[in-house]
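Given next are the chains, with one letter for each unit.
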Amino acid sequence: RILVTRRWPEAVEQELAEDYDVTFNESDKPLDQSTLASAMNEYDVLCPTVSDRIDADVIAGGDRVKLLANYGVGFDHIALEAARAKGIAVTNTPGVLTDATADLTMTLLLMATRRGGEGEREVRAGQWTGWRPTHLLGSSLHGKVLGLVGFGRIAQATACRARAFGMKIAYYGRHPADSKCACDLDAHFYPDLHALLRAADMVSLHVPGGTQTRHMIDAAAIKAMREGAYLVNTARGEVVDHEALADALTGGHLAGAGLDVYPEEPKVPERLLALPNVVLLPHLGSATRETREAMGRKVIANIHAWATGQNLPDAVS
Ligand code: 8YV
């Protein structure tokens, strides 16, 4: 018995239902914590998403679930230690959402630097008075340094795209990358986060969420960024201190930002809503039909492996 906590694209729901007794949460809302906790006694497998908090209390809710097959690559919403302690396996969906998320990172970078949101709002409000040489001037990407915080799959796919726009690539990570990206680019490694931030015209975040990266981009980090720089976040909301970000966007230290993720989704920090120079998207990183179907297929592959006693292809613990 499998519980899928949110509706998936129909094609993959059907594929899963062909082989298993599946319950889909039919409502448009996430399940509450007590329903998730009771589900631990009622199902063999739970397929959560980023909108579910599978914390230690939920995991303590029952002993039947043996696999948490997460629909998504990030798993900071799952209490791994608690799962491990009960012998519950956890899997995710790496690889299949890399391109979609890198595409969305470029979307945010382009929207922020070319002031796409401001222009769209102006046109829709009937306030566009016509072409003029100084209207909504933004910043070019060509020749600028893109600073990537983290250099995993999604960061590298973003780097390849940015390279095609004529950007130079720098990154911060715990170690220099073993290999060049798929597109064989040269990227400059900074072992120090603030050194990277000082060197970049535009910064994009690609680290996992969780306590280790919480407020990695705090007031001091933002201060280290160049005057007139841009910040893009398609990783996790809590990596950024949004009060400090709002201060920097209001005071002019940063020229703009593009965000797809927030600390308490679907809430968006109030101060950001009032700022014209921040592009705000509703967690669309992997939101293409192809990608969401591929994510479903990855989840199904992990469930099949588990059900037939094989090694889990995407075990995270
Ligand atoms: C997913 C994401 O859509 O996979 C991730 O970690 O952030 C998203 O792009 C989401 O997590 C679905 O659970």
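Predicted, not measured: the structure shown is a model, and the values here were computed from it. (Residues numbered from 1 in each chain as written. Predicted model: local features only at pLDDT ≥ 70, side-chain atom pairs only at ≥ 80, totals over all residues.)

Asks: Please explain the overall build of the protein as it appears in this structure.
Replies: Helix and strand counts for the protein come out as twelve helices and twelve strands. If one aligns the C-alpha atoms of the protein with their principal axes, the spans along those axes are about 65 × 50 × 35 Å. When the 317 residues of the protein are sorted by exposure, 41% land in the buried category. (Helix = DSSP H or I, 4+ residues; strand = E, 2+ residues; numbered from the N terminus. Buried ≥ 20, exposed ≤ 12 C-beta atoms within 10 Å, placed from the backbone.)

Asks: Explanation requested: the domain arrangement of the protein in the structure shown.
Replies: For interface size, the figure often reported is the accessible area lost on association. We note that the domain assignment places domain 1 (2-95 + 288-307) and domain 2 (98-280) within the protein. Between the C-alpha centres of domain 1 and domain 2 the distance comes to 31 Å. Listed per partner, the contact involves six residues of domain 1 and seven residues of domain 2. Across the side of domain 1 that touches domain 2, the residue classes break down as one nonpolar, four polar and one charged. (Domains from an automatic or database assignment. Contact = placed C-beta atoms within 7 Å. Nonpolar A, V, L, I, M, F, W, Y, C, P; charged D, E, K, R; others polar.)

Asks: Would you take a moment to explain the sheet that holds strand S11 (residues 254-259) for this structure?
Replies: Within a sheet, adjacent strands bond to each other through the backbone by hydrogen bonds, running parallel or antiparallel. Sheet architecture is open: seven strands sit in the order S8-S7-S6-S9-S10-S11-S12, paired in parallel fashion. This sheet does not close on itself; its edge strands, each paired only once, are strand S8 (187-190) and strand S12 (278-280). Taken over all neighbouring pairs, the strand axes of this sheet differ in orientation by 15° on average, direction set aside. In the sheet, strand S6 (residues 145-149) pairs with strand S9 (residues 202-205) via four bridges, with the strands oriented parallel. (Pairing = 2+ DSSP bridges. Axes fitted to C-alpha atoms, helices over the stretch in contact; angles between N-to-C directions.)

Asks: Just checking my understanding: could you explain the nonpolar core for this structure?
Replies: Generally speaking, nonpolar side chains in soluble globular proteins are found buried as a group. Leu68, Tyr171, Leu254 and Ala257 are the most contacted members of the largest nonpolar core, which totals 90 residues. The element that contributes the greatest number of residues to this core is helix H5 (residues 98-113), accounting for eight residues. When residues of this core are assigned to domains, at least three map to each of domain 1 (2-95 + 288-307) and domain 2 (98-280). (Core = buried A, V, L, I, M, F, W, Y, C linked by C-beta atoms within 7 Å.)

Asks: In this structure, what is going on with the site of the ligand? I would like to understand it.
Replies: Around the ligand, the neighbouring residues are Thr49, Val50, Tyr71, Gly72, Val73, Gly74, Leu97, Thr101, Gly285 and Ser286. Residues of the shell around the ligand, tallied by class, amount to four nonpolar, six polar and no charged. (Near = placed C-beta within 6 Å.)

Asks: Looking at this model, I keep getting lost on the sheet that holds strand S1 (residues 2-4). Mind explaining?
Replies: What the five strands build is an open sheet, ordered S2-S1-S3-S4-S5; its pairing is parallel. What marks the edges here is a single partner per strand, and that holds for strand S2 (22-24) and strand S5 (89-91). Across the sheet, the axes of successive neighbouring strands diverge by a mean angle of 15°, strand direction being ignored. As paired strands, S1 and S2 are joined by three bridges and run parallel to one another. Among the inter-strand pairings, Val4 is bridged to a residue of S2, identified as Phe24.

Asks: How should I be thinking about the packing of helix H1 (residues 10-19) against helix H12 (residues 289-307) in this particular structure?
Replies: Between two packed helices, what matters for the description is the angle formed by their axes and the separation of those axes. Contact geometry for H1 and H12: axes closest at 8 Å, N-to-C directions at 15°. Of the possible angle classes, the one that applies to H1 and H12 is roughly parallel. Note on packing geometry: the crossing formed by H1 with H12 is right-handed. Residues Ala11, Val12, Glu15 and Leu16 of H1 lie in contact with H12, whose contacting residues are Glu293, Gly296, Arg297 and Ile300. Partitioned by chemical class, the residues of the contact of H1 with H12 number four nonpolar, one polar and three charged. (Parallel < 35°, antiparallel > 145°, perpendicular 65-115°, else oblique. Left-handed = near helix turned anticlockwise from the far one by under 90°.)

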